[in-house]
Amino acid sequence: MTTEQTQSIQVEDDRSGLGIETLRRAIADNLFYLQGKWPEIATLNDFYMALANTVRDRLMPRWLNTIRNYRRSEVRVVAYLSAEFLLGPHLGIKLINLGIEELVRQAVADSGLALEDLLAQEEEPGLGNGGLGRLAACYMESLATLEIPAIGYGIRYEFGIFDQELRDGWQVEVTDKWLQYGNPWEIPRPESAVMVRFGGRTEAYTDDEGAYRVRWIPARVVKGVPYDTPIVGYYVNTTNTLRLWRAEAAESFNFQAFNQGDYYGAVDQKIYSENLTKVLYPNDEPLQGKQLRLEQQYFFVSCALQDMIRLHRGAGGDLRQFHQKFAVQLNDTHPAVAVAELMRLLVDEHRLPWDAAWEVSQSTFGFTNHTLLPEALEKWPLPLFGSLLPRHLEIIYEINQRFLDQARVHFLGDSQKLAQLSLIDESGERYVRMAHLACVGSHAINGVAELHSELLKQTVLKDFYQLWPQKFQNKTNGVTPRRWLLLCNPRLSQLITEHIGTDWVCQLEQLRQLEAYAEDREFQRQWRQIKRAVKQDLADHIQQTLNIAINPDSLFDIQVKRIHEYKRQHLNVLHIITLYNRIRRNPDIDIVPRTFIFGGKAAPGYIMAKLMIKVITSVAEVVNNDPQVCDRIKVVFLPDYNVTNSQPVYPAADLSEQISTAGKEASGTGNMKFSLNGALTIGTLDGANVEIRQAVGAENFFLFGLTIEEVQQLQESGYNPWDYYNRTPDLKEAINLINSGFFSHGNRELFKPLVDSLVYDDPYLLLADYSAYIDCQDTVGQRFRETDTWTRMSILNSARMGYFSSDRAIREYCQDIWHVTPISVQLKPYVQADA
Ligand code: NBG
């Protein structure tokens, strides 16, 4: 079809109607025509699907008109490349962003159903591990809300992050089956498939103009099929696309093998190809050396870049201006091979001279780093990389040679510097360093919180900073207020809106107006009443699902995030045991009743993290059943922490645990969600905690623990956890209690690895921070009793969190890195058949 023809879309019937009766009819129609059911035999899931399709129909005009904008030659589009997008359930947020939640609620009620029950049917797409994937999802939502033309590119994993079950207090991984009942939010686009090559060899040749060229003769080819999901902005027409790629066999049958009777041989290739996008690697920090992981990375990056080039050329664009059409952001090093792939496409396939191609590439890419943990810096063994991507390795050598020539001038031949900077690690076994490739190939490099960005310049990327200080930036993370306040906490949202109007939803800084009510007795009362109601809801849920009775008036002390030693969930456990020991010593002791809530998944191969879960659940079992405790302490581990399950948790917190060892957490984003919903934070000076504390005021934040400088000093001077153990009686008592088998039915071996790691090694300095943490928690307990003070602090936390909106973060990326501006989408009405 020509552009002229697509200007108006002819449709049989109008599915944009928003009358309650129209919506009710639409749901019934979709139930009949799409689900093939009538109400009497329909399952709740059928109704969910019918509703989802009804909503999808209503966003279609916005989506199509937005796509039209990408094609306009003068429009610059952000391409966000990420191996993970942790979107959370679609339906709720789409109803809110389209502004049709109440209408739909009524239409569903008129169909004899409850919207909440249908919302609960949705299996969330768990296409991410944690913070990094969720950040990508918040950013996609903000990009749409801010009317920035954007496409997210990623992988359509058939199996996302595993579901977590607890058996006997241990984590058990269960396969995620998010696609089993179909996914109404995606549209496959097989007509836009692209081919991706792997393995084989390269070969030099002279082209018809006599120029020296290289071609890649691959060993195999896989087809990438895009699946598109609409991302709707809040009260705008802009509906951007998340384009996720699925691997398929290039030929679904090998007919020669088939004809020779080798049926299994014939489908082998198909199975092999489809394996590529079968499953998400469940590690929150990258793992080394897994070929399939590198295949996944290259696969989606190649699909994405081929897609962009097609779009650009389709709009009549010249490849020398590719960077004017697309601003490509590399979300961590997972897509870093894009630098080599774009060079290959431009030089080998489209015959641009190297220098021109390099200029295009550098102007195209920006790179965000999300971790300082040295073990998390991605590098690929050279033989593996070379056998999978032979041409890319050559290109990386070429980039490296030119880069080192440049660096040599700057560092005057300092060969150690050059070895440190090189894209190839040659200190032992040889590796390709993905972070270095990303740095060299990008015009902007950023960290995700001020502290993290500073540390990047001083540590892992120090040499690059010396070379190119102007490339380095900070972009402090943010979260979307639509999901993380408006959707997850409707009561508080309502109260806020009653007092300051609705502007805060898109201008989160407006929350500052709540400061005026911080001392207002009536407002405080309402604020408390809401917190109490939300806590009651969570308590009811815990009672029903886990059969644990908790007191909604107790202090809800919550730590939800991936389980990791650096995040120190076990420090939290030491506090619980310390309180427990105080009660055992003095049964009448007057302490603030607390409910400790944990949630989070451990990487399946991370033994210590799994043991941390077991220690939490074991302490819970003992403490929750000890009559002496008299309900003053309860410990709950919420199984299967994911976006869906997290939404009722943030609003219910009184206290947010952000207790990582200083220097280890790049930013954190859960910390923002809690504080936005009026929880106070107990935290270290790490990641974005530093900025949150600045924003809410030091007096409204419970700070404890070593600073980064102190951590460094302690480690340099020879840290000995054993000394801390011996000279801190409460700590010793707590650790001894674990060691004695008290929480493990007398089994003294069970927690030995955990205890030994703490007293003999303690790489994350729990023992050094223990006393400060306990003292700070005592202060928290006292302050919680001063109800008015606590409420004021809670209000001030929400009021001052405006800065941590992902809208602010995205605006900064747009200005400082992508150089893109909003374009509002006009809804060109489509022509109705009988109109
Ligand atoms: C994580 C950091 C978090 C940060 C998120 C989002 C990775 C590699 N990094 O601190 O650990 O909030 O990224 O930036 O998952």
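Residues numbered from 1 in each chain as written. Predicted model: local features only at pLDDT ≥ 70, side-chain atom pairs only at ≥ 80, totals over all residues. Heavy atoms only, no water.

1. A look at the overall build of the protein chain
Our working definition: Secondary structure elements are taken from DSSP: a helix is a run of H or I of four residues or more, a strand is a run of E of two residues or more, and numbering for both begins at the N terminus. In this description the radius of gyration comes from C-alpha coordinates, and the expected globular size is given by 2.2 Å times residues to the power 0.38. Burial status follows relative accessibility: with a 1.4 Å probe on protein chains alone, a residue under 20% of its type maximum counts as buried, one over 50% as exposed, and anything between as partly exposed. Pairs of residues are marked as contacts when any of their non-hydrogen atoms sit within 4.5 Å. Just so you know, the count uses Lys and Arg for positive and Asp and Glu for negative, and it drops His and the chain ends. A charge is said to be at NZ when it belongs to Lys, at CZ for Arg, at CG for Asp and at CD for Glu.
Within the protein chain, the secondary structure is distributed over 34 helices and 27 strands. Against the 2.2 N^0.38 benchmark of 28 Å for 835 residues, the protein chain shows a C-alpha radius of gyration of 28 Å, consistent with a compact globule. Dimensions along the principal axes, computed over C-alpha positions, put the protein chain at roughly 90 × 75 × 60 Å. Looking at the protein chain residue by residue over its 835 residues, the buried ones come to 60%. When contacts within the protein chain are restricted to residue pairs at least 6 apart in sequence, those whose partners lie at least 24 apart make up 77%. In the protein chain, 84 positive and 105 negative side-chain charges are present, and the distance between their average locations comes to 1 Å.

2. Considerations on the sheet that holds strand 24 (residues 655-658)
Rules: For two strands to count as paired, DSSP must find a minimum of two bridges between them. A fitted line through C-alpha atoms represents every axis, and for helices the fit uses only the stretch in contact; the resulting angles, taken between N-to-C directions, go from 0 to 180 degrees.
One open sheet accounts for six strands, arranged 23-22-21-24-25-26; its pairing is parallel. The open sheet has two free edges, formed respectively by strand 23 (633-638) and strand 26 (702-703), since each of these has just one partner strand. Bridge analysis of strand 21 (residues 555-560) against strand 22 (residues 594-599) gives six bridges, and the strand direction is parallel. Residue Gln559 lies in a different strand from strand 22, and its bridge partner there is Phe598. The strands that helix 24 (residues 607-624) touches are strand 22 and strand 23; relative to strand 23, the one it contacts most, it runs at about 140 degrees.

3. Regarding the site of the ligand
So the rule is basically this: It suffices for a single heavy atom of a residue to lie within 4 Å of a molecule or strand for the residue to be listed as near it. Within 3.5 Å is the distance limit for a polar contact, defined as a pair of N or O atoms, with the added protein rule that one can donate a hydrogen and the other accept it, and that residues adjacent in sequence qualify only through two side-chain atoms. A 1.4 Å probe and the Shrake-Rupley method give the accessible areas. Residues count as covered only by the protein chains that appear here. By the convention adopted, Pro, Cys, Tyr, Trp, Phe, Met, Ile, Leu, Val and Ala count as nonpolar, Lys, Arg, Asp and Glu as charged, and the other residues, Gly among them, as polar. Throughout, the edges of the domains are those of an automatic or database domain assignment.
Around the ligand, the surrounding shell holds 15 residues, and the nearest of these are His370, Asn477, Glu665, Ser667 and Gly668. At a separation of 2.9 Å, an oxygen atom of the ligand approaches a polar side-chain atom of Asn477. Between the ligand and the protein, one listed contact pairs an oxygen atom with a backbone N or O atom of Ala666 at 3.4 Å. When the ligand sits alone it has 380 Å² of accessible area, and the protein chains cover 93% of it. Split by residue class, the shell around the ligand holds five nonpolar, six polar and four charged. Two domains each put at least three residues into the shell around the ligand: domain 2 (73-88 + 124-476) and domain 3 (496-721 + 765-801).

4. Here we look at the environment of Leu703
The topology assignment puts Leu703 in strand 26. In the structure, Leu703 is positioned 20 residues away from Gly683 in sequence and 5.3 Å away in space, judged by C-alpha atoms. Every residue in contact with Leu703, bar those within four places of it in the chain, is listed here: Gly683, Thr684, Leu685, Arg693 and Cys776.

5. With respect to the packing of helix 23 (residues 569-585) against helix 32 (residues 766-785)
Stated precisely, the cut-off is as follows: Angular relationships are summarised with four words: roughly parallel below 35 degrees, roughly antiparallel beyond 145, roughly perpendicular across 65 to 115, and oblique for the angles in between. Crossing chirality is assigned from the near helix's rotation relative to the far helix, an anticlockwise turn below a right angle marking it left-handed and a clockwise turn marking it right-handed.
Taken N-terminus to C-terminus, the directions of helix 23 and helix 32 make an angle of 55 degrees; their axes are 10 Å apart at the nearest point. For the element pair helix 23 / helix 32, the angle class is oblique. Here the hand of the crossing between helix 23 and helix 32 comes out right-handed. Counting all contacts with helix 23, which are made through His570, Leu571, Asn572, Leu574, His575, Thr578 and Arg582, the residues of helix 32 involved are Leu766, Tyr770, Tyr773, Ile774, Gln777 and Asp778.

6. What to know about the sheet that holds strand 17 (residues 424-425)
Spatially, the three strands line up as an open sheet ordered 16-18-17, and their pairing is antiparallel. Each edge of the sheet is formed by a strand with only one pairing partner; in this case those strands are strand 16 (379-381) and strand 17. Bridging between strand 16 and strand 18 (residues 431-433) involves three bridges; their strand directions are antiparallel. Note that in strand 18 the partner of Lys379 across the bridge is Arg433.

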